[in-house]
Amino acid sequence: MRKKNDAYYTISKVAAGCVNALAPYIPWAPITYGLEPSCGGLSFVYAMREYARNKPDGPVVMQGVDLYETSRYAPDKGEGDYFAFDYFSSNFLSFRVMPHINFAIGNPPYAEAKEHLMHLFSQVTWPNFAAGFLLRAGFRHSLKRKWFLDHYPCYALKAIRRRPSFTGDGKTDASEYDFIIWKKQDDVWLGNEHLTWID
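Quick look at the structure, then. This one's a predicted model, so the numbers in the text were calculated from it and none came from an experiment.

## Overview of the nonpolar core
Core analysis: the largest hydrophobic core is formed by 31 residues, its most contacted members being Leu22, Met48, Met62, Phe83, Phe103, Ile105 and Phe179. Broken down by element, the residue count for this core peaks at 6 residues, all from helix α1 (residues 12-22). Dropping the residues within four chain positions of it, Ile105 is found in contact with Cys18, Val19, Leu22, Leu35, Glu36, Pro37, Phe44, Met62, Gly132, Phe133 and Phe179. In this structure, Phe92, Ala113, Leu157 and Ile180 belong to the second largest nonpolar core, which totals 26 residues.

## Some words on the pairing of strand β4 (residues 103-106)
Of the two faces of β4, the one carrying Phe103 and Ile105 and the one carrying Ala104 and Gly106 are both buried. With 2 bridges joining them, strand β1 (residues 32-37) and β4 adopt parallel strand pairing. Residue Leu35 lies in a different strand from β4, and its bridge partner there is Ala104. Bridge count between β4 and strand β5 (residues 129-136): 4 bridges; the pairing is parallel. Within β5, the position partnered with Phe103 by the bridge is Ala130. Handedness of the crossover joining β4 and β5 through helix α3 (residues 113-121): right-handed.

## With respect to unusual backbone geometry
Although it is not a glycine, Leu42 adopts a positive phi angle of roughly 70 degrees. Its location among the elements puts Leu42 in the loop between β1 and α2 (43-53). Phi at Asp186 is positive, roughly 50 degrees, even though this residue is not glycine. You can call Asp186 exposed: its relative accessible area is 57%.

What counts, and where the lines are drawn
Residues numbered from 1 in each chain as written. Predicted model: local features only at pLDDT ≥ 70, side-chain atom pairs only at ≥ 80, totals over all residues. Heavy atoms only, no water. Core = buried A, V, L, I, M, F, W, Y, C linked by side-chain atoms within 4.5 Å. Buried < 20%, exposed > 50% of the residue type's maximum accessible area, 1.4 Å probe, protein only. Helix = DSSP H or I, 4+ residues; strand = E, 2+ residues; numbered from the N terminus. Contact = heavy atoms within 4.5 Å. Pairing = 2+ DSSP bridges. Right-handed = clockwise from strand over helix to strand, strands pointing away.

In structure tokens, the structure reads:
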């Protein structure tokens, strides 16, 4: 049964694995700007905050966007030195993405995943950018998404070995999941799909 609002939140362990998988591709800067579209339970925001805590080369500033504020952000003592977060209550498909964004990460609603990614990628004007999204493995196997994947080719594919649960009770659905990474370098979307695994 589909949940109301297509809301299936990612558990913290999976989000942390995804952040660690994306980190080598992010064009880190003295201040690195990130975005989680459809941030819902904030699991990717918290996972990035933990990563930023031990990152030596400058703070991370993140925005989170969701139509329904399901989780209120809980600041961590002293995080202002290495992390900052702003929440925006909005449908992401009408949200204006900040032009100087360095990375994006998350788990978009499956029914509108392609639309969310197209909305994001079409607004990224920064020449160097990386994005990673948790998606059903079937996302790459559809003629409906051919134009999108031809124009925004996958750079790296991280297959999730253990089927993740999004229901809070440990149960899983019948789908396999991938963490797909896109990389933009010098204004060119790079297509060089590398397959590895996330345990």
